[in-house]
Amino acid sequence: MSEQGHKKRQQKLKEMVDARVEAAQQEKGLLLIITGNGKGKSTSAFGTVARATGHGLKCGVAQFIKGTWACGERDLLSQHGVDFHVMGTGFTWDTQDKTADTEAAQQIWQHCQSMLADPNYDLVVLDEITYMITYGYIELDSVVAALQARPADQSVIITGRGAHRQLVDMADTVSEVRNVKHAFDAGIKARQGIDW
Ligand code: ATP
Ligand code: MG
């Protein structure tokens, strides 16, 4: 393409983007979902927490899986006023005890409901909550109700594979992280600072 042609096209693109930016006038807290099988869902959510915290916004995070494991972002962000609720004992992938798991999930869900009702929180992350819904530890209806009733300015990020269709329909922004390749499949161990 000629120099002139390129310039013309870029100018047109800029006009279109400017018009869309101008047209986007609505202000409200967002519901974001980061789902899919690829790596990057939780790190995306924590990146947003870092971003929001940097602006002085109040953030709360609930970790439904791996909560009791070491977690670099939790160690860092909790020093900066981010509240964390982690699922206590109970949940493992090869779980044998549905009652204990449900109890553990319900306990942390109580904290989530408090945060989702509290206008002091600008951003609430429900990390890996999709699995709790899939396994029936937390009712979808309860999650939908809490999200719908939350303060208008509050944003929420949900992460986890297999996000329920109803949540996807409700959400403002949904990203699906696709697995192109993962080091684990090549026999490489999970790495501190990269995987946790
Ligand atoms: P991360 O926390 O790194 O952003 P994630 O939240 O997208 O990952 P999870 O399903 O929560 O993905 O898995 C967390 C752990 O599993 C991380 O250590 C991550 O590296 C690893 N993992 C994520 N995706 C894959 C995959 N496709 N294959 C193997 N391991 C994966
Ligand atoms: Mg994750």
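Residues numbered from 1 in each chain as written. Chains lettered and ligands numbered in written order. Predicted model: local features only at pLDDT ≥ 70, side-chain atom pairs only at ≥ 80, totals over all residues. Heavy atoms only, no water.

Glancing now at the packing of helix α4 (residues 98-116) against helix α6 (residues 140-148). Close contact between α4 and α6 brings their axes to 9 Å; oriented N to C, the two are set at 20°. Taken as axis vectors, α4 and α6 run roughly parallel relative to one another. The two elements α4 and α6 meet at a crossing, and its hand is left-handed. Side by side, α4 and α6 meet where W109, Q113 and L116 of the first sit next to S142, V143, A146 and L147 of the second. (Axes fitted to C-alpha atoms, helices over the stretch in contact; angles between N-to-C directions. Helix = DSSP H or I, 4+ residues; strand = E, 2+ residues; numbered from the N terminus. Parallel < 35°, antiparallel > 145°, perpendicular 65-115°, else oblique. Left-handed = near helix turned anticlockwise from the far one by under 90°. Contact = heavy atoms within 4.5 Å.)

What follows is about the nonpolar core. In terms of nonpolar packing, the biggest core is built from 32 residues, with F64, W109, L126, I129, M132, I158 and L167 touching the most fellow members. Looking at this core, the elements with two or more residues in it are β1 (31-35), α4, β4 (123-127), α5 (129-134), α6 and β5 (155-159). Take this core: its biggest share by element is seven residues, from α4. Apart from residues no more than four positions distant in its own chain, F64 is found in contact with M87, A105, I108, W109, C112, L126, D127, E128, I129, M132 and I138. (Core = buried A, V, L, I, M, F, W, Y, C linked by side-chain atoms within 4.5 Å. Buried < 20%, exposed > 50% of the residue type's maximum accessible area, 1.4 Å probe, protein only.)

Let's shift gears to the site of ligand 1. The environment of ligand 1 is formed by 15 residues, the closest being K39, G40, K41, T43 and D195. The separation between an oxygen atom of ligand 1 and a polar main-chain atom of G40 is 2.8 Å. In the model, an oxygen atom of ligand 1 is placed 2.8 Å from a nitrogen or oxygen of the E128 side chain. In the complex, the protein chains occlude 83% of the 580 Å² of accessible area that ligand 1 would expose alone. Taken together, the residues of the shell around ligand 1 sort by class into two nonpolar, seven polar and six charged. (Near = heavy atom within 4 Å. Polar contact = N/O pair within 3.5 Å; in protein donor to acceptor, adjacent residues only side chain to side chain. Areas by Shrake-Rupley, 256 points an atom, 1.4 Å probe, with all protein chains shown as cover. Nonpolar A, V, L, I, M, F, W, Y, C, P; charged D, E, K, R; others polar.)

We now examine the coordination of the magnesium ion (ligand 2). Ideal values for angles at a metal depend on the geometry: 109.5 degrees with four tetrahedral donors, 90 or 180 degrees with six octahedral donors. Protein ligation of the magnesium ion (ligand 2) involves S42 (OG) and E128 (OE), the donor distances falling in the range 2.1 Å. You can see S42 sitting in helix α2 (residues 41-54) and its partner E128 sitting in the loop between β4 and α5, a full 86 residues away along the chain. The same class applies to S42 as to E128, namely buried. (Donors = N, O, S within 2.8 Å, 3.2 Å for Na, K, Ca; no water.)

On inspection of all chains with the given rule, the structure shows two aromatic pairs. Geometrically, the ring pair formed by F46 and F84 is stacked, given 6.3 Å between the ring centres and 15° between the ring planes. Pair noted here: F46 is in helix α2 and F84 is in strand β3 (residues 83-86), with a separation of 38 residues, a long-range link. Here F46 and F84 have matching classes, each one buried. Taking the centre distance of 5.7 Å and the plane angle of 50° together, the rings of Y135 and Y137 count as tilted. (Phe/Tyr/Trp six-rings, centres within 6.5 Å; stacked < 30°, edge-to-face > 60°.)

Before going further, it helps to spend a moment on α6. Each α-helix turn comprises 3.6 residues. Residues three or four places apart therefore point the same way. Every buried residue of α6 is listed here: L140, V143, V144, A146 and L147. Burial along α6 is one-sided: seen end-on, the buried residues are contained in an arc of 165°. Residues of α6 that are exposed and point more than 90 degrees away from the buried face comprise D141 and Q148. (Arc of directions from axis to C-beta.)

Burial of β4 is extensive: five of the five residues sit out of reach of the surface. Of the two faces of β4, both are covered, the one formed by L123, V125 and D127 as well as the one formed by V124 and L126. As paired elements, strand β2 (residues 59-63) and β4 share five bridges and run parallel to each other. When the bridges of β4 are listed, A62 appears paired with L126. In this structure, β4 lies alongside β5, joined through four bridges in parallel fashion. By the bridge assignment for β5, V124 is matched with V156. (Pairing = 2+ DSSP bridges.)

Next up on the list: the sheet that holds β3. Taking strand neighbours across the sheet as the criterion, the six strands line up as β3-β2-β4-β5-β1-β6 in an open arrangement whose pairing is parallel. Two strands in the sheet have a free side with no partner beyond their single neighbour: β3 and β6 (173-176). Pairs of neighbouring strands in the sheet enclose a mean axial angle of 10°, with direction left out of account. Pairing of β1 with β6 involves four bridges; the strand directions are parallel. Directly across from T35, in β6, lies its bridge partner E176. Lying on the sheet, α2 is in contact with β1, β2, β3, β4 and β5; it crosses β4 at an angle near 165°.

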